Amino acid sequence: MEAMVLSGLALAMALPSMALENGLARTPPMGWMSWERFRCNVDCQADPLNCISEQLFFEMADRLAEDGWRELGYEYINIDDCWSAKQRDAAGQLVPDPKRFPSGIKALADYVHARGLKLGIYGDLGIFTCGGYPGTMLENVKQDAQTFAAWGVDMLKLDGCYSSAEEQAKGYPEMARALNATGRPIVYSCSWPAYQGGLPPKVNYTILAEICNLWRNYDDIQDSWDSVLSIVDWFFTNQDVLQPAAGPGHWNDPDMLIIGNFGLSYEQSRSQMALWTVMAAPLLMSTDLRTISPSAKEILQNRLMIQINQDPLGIQGRRIVKEKSRIEVFLRPLSRAASTLVFFSRRTDMPFRYTTSLAKLHFPEDAVYEVQDVYVGKIIGALRTADNFSVVINPSGVVMWYLRPMELPLQPWHVARQQAPGEGFHPALL
Ligand code: GLA
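Position labels on residues start from 1 in each chain and follow its written sequence. Under the rules for a predicted model, residues below a pLDDT of 70 receive no local features and side-chain atom pairs below 80 are neither given nor counted, while totals for whole chains, interfaces and linings still include all residues. Based on all heavy atoms of the structure, the side-chain values leave hydrogens and waters out of the count.

Looking at an unreviewed UniProt entry, one finds the protein chain named Alpha-galactosidase and attributed to Serinus canaria. UniProt positions are given in the numbering used here, feature names are shortened, and annotations may be inferred rather than shown by experiment. Reading the Function (unreviewed entry) entry of the UniProt record for the protein chain gives the comment "Removes terminal alpha-N-acetylgalactosamine residues from glycolipids and glycopeptides. Required for the breakdown of glycolipids." Here is the UniProt Subunit (unreviewed entry) comment for the protein chain, exactly as written: "Homodimer."

What follows is the structure in structure tokens.
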């Protein structure tokens, strides 16, 4: 008996404490978030359809539930800044703006839950939120966690405006403990690293993975291709630091998807989706789901894309090639020895024919793959590692492949197709 207890203890001690132990966000969270598209528009008189009000969230919840999003995994509907009244109530509790959220957050949570969705809310560790609403000071952490849990909230984004590095170092772990203590499963998104430059030594990704389910590392996304590119550049320039930090339960967050808005072309929208998927990023759309175009919807609802993004291994991908021709290649290893390749063009002239081979991309010798084009859907037979192939990549666009190993040695099609993919292969990472 004693021996068993001891060995259990020894085991617990031997296991590295890798992640926040709330069992949540085993794959990157998916859903919708108000900020990038709807900002802090609180003028419901001038703009009743687009202001931050319960109506907006009711309507987006309806769209998520009725337009095929929920079934694909887009389940969180997240309130961002500017939802609260300008003052806490007499008991010191955060309260929603009474004009814009007359039913209260609990009623909104009930509405969302009744549609099989989950509700996220926003807070800020500091005196004020970034938008100037009441913040969560250290002494409010417990109370606010309890308030959110009592309302039935399922995710908290805790921003970091108006607090010092010392307050953040205390407050972010404290909120993790306070959320856990409520007993309600609440996904915890921390903006902490974004306020500390996103890199060691100021940012400790081991600690982050222990307390947060996801974290904003870098600047806010804006509705432009420049903004997407600056985020992509930062994340892949720093991939040696960031890539190992991600895994089931703990993710890097390059910020919202802006697909469906005004700043991205069709090709650029496909690129954001593909690159976010390579990064194992949360898929939090910030767009008007009431008026989204069919082409933007098709990109966001691509099944194979979502399957890749949600791969259970949860390994973040990396940039493996940067060509002088301004073509870049990204690789994300997936479960069952599959993988995804993204060929990305930074060119601004014309579609570019890029020729390479899996051997050049450091795939194992003598392997054979079934390749599926993630956007076109076409299956490209049996590709051997040594075979040269070409892809044609549009300016600021991508070609994205899903690769599944076939049995070795190469078998006739009908035989190979029936065999389970070989296990245990991971393409070498640069
Ligand atoms: C910060 C965050 C954004 C958004 C705004 C709200 O800038 O990084 O994502 O939440 O605050 O004011």
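Further notes follow.
Here the rule is simple: two strands pair whenever DSSP picks up at least two bridges between them. For helices the rule is a DSSP run of H or I covering at least 4 residues; for strands it is a run of E covering at least 2, with both sets numbered from the N terminus onward. If you trace the 8 strands from one edge of the open sheet to the other, you get β7-β6-β5-β4-β3-β2-β1-β8, paired in parallel fashion. Each edge of the open sheet carries a strand with a single partner, namely β7 (251-253) and β8 (283-285). Going across the sheet, the axis of each strand differs from the next one's by a mean of 25 degrees, ignoring polarity. In this sheet, strand β4 (residues 155-159) lies alongside strand β3 (residues 118-124) in parallel orientation, the contact comprising 5 bridges. For Ile121, the partnering residue across the bridge sits in β4 and is Leu156. Comment: axis = line fitted to C-alpha atoms, over the contacting stretch for helices; angle = value between 0 and 180 degrees taken between N-to-C directions.

Take the nonpolar core next. Nonpolar side chains tend to gather and get buried jointly when the protein is soluble and globular. By size, the foremost hydrophobic cluster in this structure holds 102 residues, and its most contacted members are Trp32, Tyr74, Trp83, Tyr188, Met273 and Trp276. At 8 residues, helix α10 (residues 225-237) tops the list of elements feeding residues into this core. Whether two residues touch is decided by their heavy atoms; if any such pair falls within 4.5 Å, the residues are in contact. Each residue touching Met273, except ones within four places of it in the same chain, is listed here: Tyr74, Leu257, Ile259, Leu283, Ile299, Leu300, Met305 and Tyr375. Membership of the second largest hydrophobic core comes to 21 residues, among which are Phe343, Leu361, Phe389 and Ile393. Among buried residues, the Ala, Val, Leu, Ile, Met, Phe, Trp, Tyr and Cys ones that are joined through side-chain atoms within 4.5 Å form a nonpolar core. The buried label goes to any residue with under 20% of its type's maximum accessible area, the exposed label to any with over 50%, and the partly exposed label to all in between, with areas taken from a 1.4 Å probe on protein chains only.

Now for the site of the ligand. For the ligand, the full set of nearby residues is Trp35, Asp80, Asp81, Tyr122, Cys130, Gly131, Lys157, Asp159, Arg216 and Asp220. At 2.6 Å, a side-chain N or O of Asp80 approaches an oxygen atom of the ligand. Taking Lys157, its side chain carries an N or O atom lying 2.8 Å from an oxygen atom of the ligand. Calculation of accessible area relied on Shrake-Rupley with a 1.4 Å probe; when residues are assessed, cover is drawn exclusively from the protein chains displayed. When the ligand sits alone it has 300 Å² of accessible area, and the protein chains cover 91% of it. For the ligand, the cavity whose grid points lie within 2 Å of the majority of its atoms is the largest pocket. Here, proximity means that at least one heavy atom of the residue falls within 4 Å of the molecule or strand. Distance and chemistry together define a polar contact, namely a pair of N or O atoms within 3.5 Å, with one atom able to donate a hydrogen and the other to accept it when in protein, and with adjacent residues in sequence counting only for side-chain atoms on both sides. Definitions used throughout: a 1 Å grid over protein atoms alone; a cavity as a set of points that fits a 1.4 Å probe which cannot get out; a pocket as an open set with protein on both sides within 12 Å along at least five of seven lines; a lining residue as one with an atom within 4 Å of a point. A molecule is said to be in a cavity or pocket once over half of its atoms fall within 2 Å of that pocket's grid points.

With that settled, the discussion passes to the sheet that holds strand β10 (residues 327-333). One open sheet accounts for 6 strands, arranged β9-β10-β11-β16-β13-β14; its pairing is antiparallel. Whereas interior strands pair on both sides, the edge strands pair on one side only; in this sheet they are β9 (318-322) and β14 (379-384). Neighbouring strand axes in the sheet, compared pairwise and without regard to direction, differ in orientation by 25 degrees on average. Of the strand pairs in this sheet, strand β11 (residues 339-345) and strand β16 (residues 398-405) are connected by 6 bridges, and their pairing is antiparallel. The residue of β16 that forms the bridge with Ser339 is Leu403. α10 contacts β9, β10 and β11 of the sheet and is inclined by roughly 100 degrees relative to β9.

Grid points are joined across faces, edges and corners, and a volume is the space filled by probe spheres set on the points. Approximately 240 Å³ is the volume attributed to the largest pocket. Every residue lining the largest pocket is counted, 17 residues in all, and those nearest its centre are Cys130, Asp159, Tyr195, Arg216 and Asp220. Broken down by secondary-structure element, the contributors of at least two residues to the lining of the largest pocket are β4 and α8 (192-195). Residues are grouped as follows: Ala, Val, Leu, Ile, Met, Phe, Trp, Tyr, Cys and Pro are nonpolar; Asp, Glu, Lys and Arg are charged; every other residue, Gly included, is polar. A class-by-class count of the residues in the lining of the largest pocket yields 7 nonpolar, 2 polar and 8 charged.

A few words on the packing of α10 against helix α12 (residues 266-278). Orientation of α10 relative to α12, taken along the N-to-C sense of each, is 25 degrees, at an axis distance of 11 Å. The orientation of α10 with respect to α12, classified from their angle, is roughly parallel. Judged by the twist between their axes, the crossing of α10 over α12 is left-handed. Contact with α10, carried on its side by Trp225, Val228, Ile231, Val232 and Phe236, involves Gln268, Ser271, Gln272, Leu275, Trp276 and Val278 of α12 and no other residues of that element. Tallied by class, the residues present in the contact of α10 with α12 amount to 8 nonpolar, 3 polar and no charged. What sets the label is the angle itself: under 35 degrees gives roughly parallel, over 145 gives roughly antiparallel, 65 to 115 gives roughly perpendicular, and the rest give oblique. Should the near helix be turned counterclockwise from the far one by less than a right angle, the crossing is left-handed, whereas a clockwise turn marks it as right-handed.

Confidence of the predictor at the level of single residues is captured by pLDDT, which takes values from 0 to 100. Chain-level statistics for the protein chain give a pLDDT mean of 92 and a share of 90% at 70 or above. Note on residues 408-430: pLDDT under 50 across the span, and 46 contacts to partners over four residues away in sequence or across chains.

Looking at the element boundaries, Lys157 is found in strand β4. Here Lys157 is in contact with Met33, Asp80, Ile121, Tyr122, Gly123, Ser189, Ser191 and Arg216, once residues within four sequence places are set aside.

Two elements in contact, helix α6 (residues 141-151) and helix α7 (residues 165-182), have axes whose closest approach is 9 Å; the angle formed by their N-to-C orientations is 40 degrees. In this view, α6 runs oblique relative to α7, as classed from their interaxial angle. Remark: the crossing between α6 and α7 carries right-handed chirality. Note on element contacts: α7 touches α6 through Glu174, Met175, Ala178, Leu179 and Thr182, opposite Val141, Lys142, Ala145, Gln146 and Ala149. Split by residue class, the contact of α6 with α7 holds 6 nonpolar, 2 polar and 2 charged.

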